[in-house]
Amino acid sequence: MIAAHSMLDKTVALFGLGGSGIATAKAIIAGGARVIAWDDNPESVARAQAAGIETSDLRLVDWKQFSSFVLSPGVPLTHPRPHWTVDLARAAGVEIIGDVELFVRERNLAGKNSPFIAITGTNGKSTTTALIAHIIKASGRDMQLGGNIGTAVMTLEPPADGRHYVVECSSYQIDLAPSINPTAGILLNLTPDHLDRHGTMQHYAEIKERLVAGSETAIVGVDDSFCAAIADRLERAGKPVIRISKRLPILNGYFADGATLYLAENGAKTAVASLQGIGSLRGEHNAQNALAAFAACRSVGLSADEINAGLKTFPGLAHRMEQVARQGRTLFVNDSKATNADAAAPALSSFPRIYWIAGGLPKEGGIASLSGFFPRIAKAYLIGEAAPQFAATLGEAAPYEISGTIAAAVEHAARDAAGDGSQEAVVLLSPACASFDQFQNFEKRGEAFRSAVLALAGASPIQGAN
């Protein structure tokens with residue numbers, strides 16, 4: 001745990017008592033402060049009380065006693081309207097922060113001898129975060145991984161000389177971290193997302209920009225207009241900026257040409273890494289993730305050799321183009337995290353010959369936007385409620401069957417792929433749908449796929465697969 005010493009002898013309000021909220025409350029208490037916590041869910045309040053955390057309805061307390069208000073990132077700060085606790089805090093002139101801000105303050109108190117890499121972006125941030133963490137850990141350095149990737153940041157080990165922090169940050173967390181100042185800040189990309197919570201694309205982009213604006217070195221993907229403008233703006237303000245591009249040569253920064261990563265300096269390029277043969281980093285989107293990881297790791301002192309060694313052993317993330325097994329020349333890939341068409345596109349673009357398992361609870365727009373990838377589909381195996389709709393969209397563009405369940409789809413796809421004459425056939429679960437018609441969540445769906453694959457005769461698990 002990181003004790004929040006910056007709150008010593010203060011009284012702090014806290015709202016949101018999920019797992020990270022309780023962890024944050026304990027960190028504040030460990031730092032010598034009094035916490036008064038609350039949640040709209042009575043069960044969460046009861047869990048906090050059982051954990052020894054003081055609770056009280058924040059509607060009924062005197063807000064003048066609070067020096068800070070710690071808000072869960074899942075609670076609206078601005079849109080569609082501020083949560084009632086936000087209104088109370090603002091009326092009392094109490095600062096509103098989150099757990100990432102507490103972490104930043106503790107690192108500042110410790111003297112900032114702990115390199116801190118923070119990652120954000122609309123897409124790819126979890127893979128990039130995990131990749132950077134893997135590279136640093138594989139190099140033998142002390143590494144702590146947390147934030148939006150699933151581990152509450154205040155549960156990590158406290159700052160120490162040489163301890164590296166790799167922290168994924170959502171827009172919600174950045175909005176509650178006004179002092180965020182990573183050694184290397186990464187902004188991968190920006191597309192419309194979470195606008196129900198941020199109001200406009202412009203406001204969403206402004207929040208994301210704060211992470212790189214506060215960093216010692218800003219690493220910015222420049223393949224979309226919002227991020228390109230941010231990189232230009234930061235550079236004009238005197239901020240050191242490293243641009244990365246997954247598809248275009250650039251004058252200064254890092255870019256990808258196919259599977260090769262290059263460093264560009266005044267237009268001269270030098271190859272620094274190759275992703276050829278690294279199954280967990282296939283595709284243009286993963287080239288961007290690898291470029292960001294290379295730039296960030298170099299900025300905190302890793303050598304090119306150390307980074308390349310880490311790239312080659314990266315196992316990937318579960319349910320995100322996860323290589324599960326091989327059966328002869330057939331590769332089985334679990335991309336269950338692809339819960340809409342846009343999320344399925346990267347996997348479909350990464351393989352030339354696909355036996356595609358798709359379907360579930362359909363999202364607006366279906367799979368019509370994926371029609372450019374239909375020539376890659378050797379056959380589709382449709383499951384769940386979306387099956388008839390997807391069949392109509394595929395029409396005569398690609399062969400399909402309505403399999404109904406993942407178990408049936410895996411069995412039939414494996415049989416058909418085994419007879420494929422190509423060098424490598426891929427059975428790909430990339431559903432382009434929510435999971436809730438048949439599964440509790442996308443993780444359960446991915447686990448069902450993995451279990452069905454590993455039950456196939458002759459299936460050989462891929463080492464390092466989750």
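Colleague: I'm lost on the packing of helix 8 (residues 201-213) against helix 9 (residues 225-236) in this one. Help?
Modeller: Running from N to C, helix 8 and helix 9 point in directions that differ by 45°, and their axes come no closer than 11 Å. The pairing of helix 8 with helix 9 is recorded here as oblique in orientation. Here the hand of the crossing between helix 8 and helix 9 comes out right-handed. Across from Met-201, Gln-202, Ala-205, Glu-209, Val-212 and Ala-213 in helix 8, the residues of helix 9 making contact are Phe-226, Ile-230, Arg-233 and Leu-234. Tallied by class, the residues present in the contact of helix 8 with helix 9 amount to seven nonpolar, one polar and two charged.

Colleague: Could you clarify how one ought to interpret the pairing of strand 9 (residues 217-221) in this entry?
Modeller: Where a strand is regular, its side chains alternate between the two sheet faces. The element strand 9 is largely enclosed, with a buried count of five among its five residues. Side chains of strand 9 alternate between two faces, with Thr-217, Ile-219 and Gly-221 and Ala-218 and Val-220 buried alike. In the sheet, strand 8 (residues 184-187) pairs with strand 9 via four bridges, with the strands oriented parallel. Counterpart to Ala-184 in the pairing with strand 9 is Thr-217. Relative to strand 10 (residues 241-245), strand 9 runs parallel, the two being bridged by four bridges.

Colleague: What's the story with the pattern of salt bridges in this structure? I'm lost.
Modeller: Any two side chains of opposite charge can pair, so long as their charged atoms come close to each other. Taken as a whole and assessed by the stated rule, the structure comprises 19 salt bridges. Note that Arg-105 and Glu-101 form a salt bridge whose closest N and O atoms lie 2.8 Å from each other. Pair noted here: Arg-105 and Glu-101 are both in helix 4 (residues 99-109), with a separation of four residues, about one helical turn. Among the ionic pairs, Arg-326 bridges to Glu-424, the shortest N-O distance being 2.9 Å. Of this pair, Arg-326 sits in strand 14 (residues 322-327) while Glu-424 sits in the loop between helix 14 (406-418) and strand 20 (425-429), placing them 98 residues apart in sequence. The network of salt bridges with shared partners includes Lys-379, Glu-401, Arg-415 and Asp-416.

Rules used throughout
- Residues numbered from 1 in each chain as written.
- Predicted model: local features only at pLDDT ≥ 70, side-chain atom pairs only at ≥ 80, totals over all residues.
- Heavy atoms only, no water.
- Axes fitted to C-alpha atoms, helices over the stretch in contact; angles between N-to-C directions.
- Helix = DSSP H or I, 4+ residues; strand = E, 2+ residues; numbered from the N terminus.
- Parallel < 35°, antiparallel > 145°, perpendicular 65-115°, else oblique.
- Left-handed = near helix turned anticlockwise from the far one by under 90°.
- Contact = heavy atoms within 4.5 Å.
- Nonpolar A, V, L, I, M, F, W, Y, C, P; charged D, E, K, R; others polar.
- Buried < 20%, exposed > 50% of the residue type's maximum accessible area, 1.4 Å probe, protein only.
- Pairing = 2+ DSSP bridges.
- Salt bridge = Lys/Arg side-chain N within 4 Å of Asp/Glu carboxyl O.

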